[in-house]
Amino acid sequence: MRNLWLCCLLLCSCAAQGDPNGDGDGGGGGGGGGGGGSVTPVSAGTLAYAARDASGNDTITLLDLADASHTTHPILAVGEAVTGIAISPDRTTIAFSTESAVQLVGVDGSNPHTISDPIPSTGANPDLGFPEWTPDGSTLYLGLGFFTSDGGTLGGGTNLADMPATGGMVSPVANARADCSLIDAPKIAADGSFGLTIHESCLDDSQNGVWKHAPDGTGALLVHDDTLAIAKPMLLPDGTILAVHAATGGANGIAVIQNAAIATTLQPPSGLSMDYIAVSPDGVTLVAAMHDLQTFVSNVYSTTDLQSYTQLTTDGHDLFVTF
C-alpha cells in the first residue's frame, strides 16, 4: 500500500527532506507508557473519535480500520462536550479534555478518571484544547485558554500548556507564552525532538502560522499564515506537515507543508469540509471528520492517497478524530 507521504510527493511534485525546515530534527521512534495494567492495547489501525448526540454530549468511540464492516465501539459516555482526544503511545489509554478538565480512560472503557487539578477560575471556563502525548507517555501538552499569570486567575488568550500524565496541574509552558495570542493544536514529533503549534496573535500578524518548538518550549515561526487559514497540524514520518486549510467555496481542505512552505492545498471531496484530521502511526492512512456543507452533519472518512475517501460512520455527529 502506498504511504501518505509518498502520495504527498507525487501530488506536490516536490521532495521533502527530513524534518519540516531541514535542520535534521525529524525522525521516527518513540513509544512508551500512558496506559495501565491489564488493558489490552488497540491496534495501530484503530481510531478514536467523539460522537456527539443532539444534546451536545459526547461518547468516546473506537473503530478498527481492519474491520471491513466499520463497526463502532462506544467505550465511554462523557456527559458533556469533549474538546480533544488522544490515544497514548502504548495504545492502552485515551486522554481527553473537556472545557474544564483532562481525563483518562482505558481503551476498553475501564477506569475513567480526572487527572488535572482544579484550575483557578473567575467564572469563565478555562477551555482546554486538544491533548497530545509525548512519545514516552509521561506528559500531555494542550492549549489552556483564558489563563494569565496574574495571581493564577483566568484572563484572555490561550497558551501552550502541559501536565504530568500521572496527574497534576495544567500549567502554561513558560518559554512558549505570548501576549494576546491563541496558541493551540500541539503536535509532537515521534522522536520527541520538536513540536508544532498554531499561533494567532492580535498584536503582530507577522507571527501568525505554524510554529516549531524545542522541547523546552522555545520556538520560532515556521510557516507564516496571515489569513489564519491553517489549523490542526499533523506530522508524517518524513517531516511533511498536513494541516486543515481553508479552501475554496467555504470548505476546508488539506495544506501539504514541505520545506517550511505550503507546497499545495488539496481540496476536500465535493460538498464536504474538513474539520479534524489524523494520521495513522505507520503513516499509511489519514482519517478526517468532515461535515456536509448543506446539512452540516459530520462523519468520519478515511483515505490512503489523499484523493479518494471512504465514509466510515453514518451517525452524523462525529468529531475530534485521532489515532
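Rules and cut-offs
Residues numbered from 1 in each chain as written. Predicted model: local features only at pLDDT ≥ 70, side-chain atom pairs only at ≥ 80, totals over all residues. Heavy atoms only, no water. Helix = DSSP H or I, 4+ residues; strand = E, 2+ residues; numbered from the N terminus. Buried < 20%, exposed > 50% of the residue type's maximum accessible area, 1.4 Å probe, protein only. Contact = heavy atoms within 4.5 Å. Areas by Shrake-Rupley, 256 points an atom, 1.4 Å probe, with all protein chains shown as cover. pLDDT = per-residue confidence, 0-100. Phe/Tyr/Trp six-rings, centres within 6.5 Å; stacked < 30°, edge-to-face > 60°. 1 Å grid on protein atoms, 1.4 Å probe; cavity = no way out; pocket = protein on both sides within 12 Å on 5 of 7 lines; lining within 4 Å. Points joined across faces, edges and corners; volume = space filled by probe spheres on them. Nonpolar A, V, L, I, M, F, W, Y, C, P; charged D, E, K, R; others polar. Pairing = 2+ DSSP bridges. Salt bridge = Lys/Arg side-chain N within 4 Å of Asp/Glu carboxyl O. Core = buried A, V, L, I, M, F, W, Y, C linked by side-chain atoms within 4.5 Å. Polar contact = N/O pair within 3.5 Å; in protein donor to acceptor, adjacent residues only side chain to side chain.

If you tally the helices and strands in the protein, you get one helix and 24 strands. Within the protein, the proportion of its 323 residues that are buried is 50%. Of the contacts formed within the protein by residues at least 6 apart in sequence, a portion of 47% connects residues at least 24 apart. Roughly 12900 Å² of accessible area belongs to the protein as shown, and the carbon and sulfur atoms make up 51% of that amount.

This next bit is on the confidence of the model for the protein. Across the protein, the average pLDDT comes to 85, with 84% of residues at or above 70. Overall, residues 22-36 carries pLDDT values under 50, and its contacts beyond four positions in sequence, including any with other chains, amount to 45 contacts.

Moving on to the packing of aromatic side chains. Under the definition given, this model contains three aromatic pairs. Look at Tyr276 and Phe320: their rings are 4.6 Å apart centre to centre, the planes differ by 50°, and that puts the pair in the tilted class. Of this pair, Tyr276 sits in strand 20 (residues 272-279) while Phe320 sits in strand 24 (residues 318-322), and the two are 44 residues apart along the sequence. Taken together, Phe130, Tyr276 and Phe320 form an aromatic cluster joined through their ring pairs.

Approximately 200 Å³ is the volume attributed to the second largest pocket. Taken together, 17 residues line the second largest pocket, and the ones lying closest to its centre are Tyr141, Ile188, Gly195, Ala214 and Pro215. Looking at the lining of the second largest pocket, the elements with two or more residues in it are strand 12 (181-188) and strand 13 (195-201). Considering every element that reaches the lining of the second largest pocket, the biggest residue donor is strand 13, with three residues. By residue class, the composition of the lining of the second largest pocket is ten nonpolar, six polar and one charged.

The phi angle at His70 is positive, at roughly 55°, despite the residue not being glycine. As for its placement among the helices and strands, His70 is situated in the loop between strand 2 (58-64) and strand 3 (72-77). Phi is positive for Leu306, close to 65°, though the residue is something other than glycine. With respect to the helices, strands and loops of the structure, Leu306 is situated in the loop between strand 22 (298-303) and strand 23 (310-311).

With that settled, the discussion passes to the environment of Leu47. Residue position: Leu47 is located in strand 1 (residues 46-52). Overall, Leu47 belongs to the buried group, its relative accessible area being 0%. For the pair Leu47 and Val279, spaced 232 residues apart in sequence, the C-alpha separation works out to 9.6 Å.

Turning next to the side chain of His245. In this fold, His245 is placed in strand 17 (residues 241-246). Judged by relative accessible area, which is 12%, His245 ranks as buried. For His245, the residues in contact, after removing those within four places along its chain, are Ala229, Ile230, Ala251, Asn252, Gly253, Ile254, Ala255, Ile262 and Thr265.

On to the sheet that holds strand 4 (residues 84-87). By definition, the strands of a sheet pair up through backbone hydrogen bonds, in either a parallel or an antiparallel sense. Across the sheet, which stays open at both edges, the four strands sit in the order 4-5-6-7 with antiparallel pairing between neighbours. What marks the edges here is a single partner per strand, and that holds for strand 4 and strand 7 (113-114). Where strand 4 and strand 5 (residues 93-97) come together, four bridges link them in antiparallel fashion. For Ala86, the partnering residue across the bridge sits in strand 5 and is Ala95.

Right, let's talk about the sheet that holds strand 23 for a bit. Ordered in space as 20-21-22-23, the four strands form an open sheet in which the pairing is antiparallel. A single partner strand is all that each edge strand has here, and the edge strands are strand 20 and strand 23. Pairing of strand 21 (residues 286-292) with strand 22 involves six bridges; the strand directions are antiparallel. The residue bridging His291 from the neighbouring strand is Ser298, located in strand 22.

So, on to the pattern of salt bridges. Evaluated as defined, the whole model comprises two salt bridges. A salt bridge links Asp58 to Arg52, with the shortest nitrogen-to-oxygen separation between them at 2.6 Å.

With that settled, consider the nonpolar core. Core analysis: the largest hydrophobic core is formed by 49 residues, its most contacted members being Leu47, Ile60, Ile94, Leu242 and Leu286. Among the elements that make up this core, the one with the highest residue count is strand 20 (six residues). Residues contacting Ile94, with those up to four places away along its chain left out, are Ala48, Ile60, Leu62, Ile75, Ile85, Ala86, Ile87, Gln103, Leu104, Val105 and Val107. Among the nonpolar cores identified, the runner-up in size contains 15 residues, and Leu104, Ile115, Leu140 and Leu144 belong to it.

The next subject is the environment of Trp133. Of note, Trp133 is situated in strand 8 (residues 132-133). A sequence separation of 29 residues divides Trp133 from Asp162, and the C-alpha atoms of the two residues are 9.7 Å apart. Reaching out from Trp133, the side chain makes a polar contact with the backbone oxygen of Ala86 at a distance of 3.2 Å.

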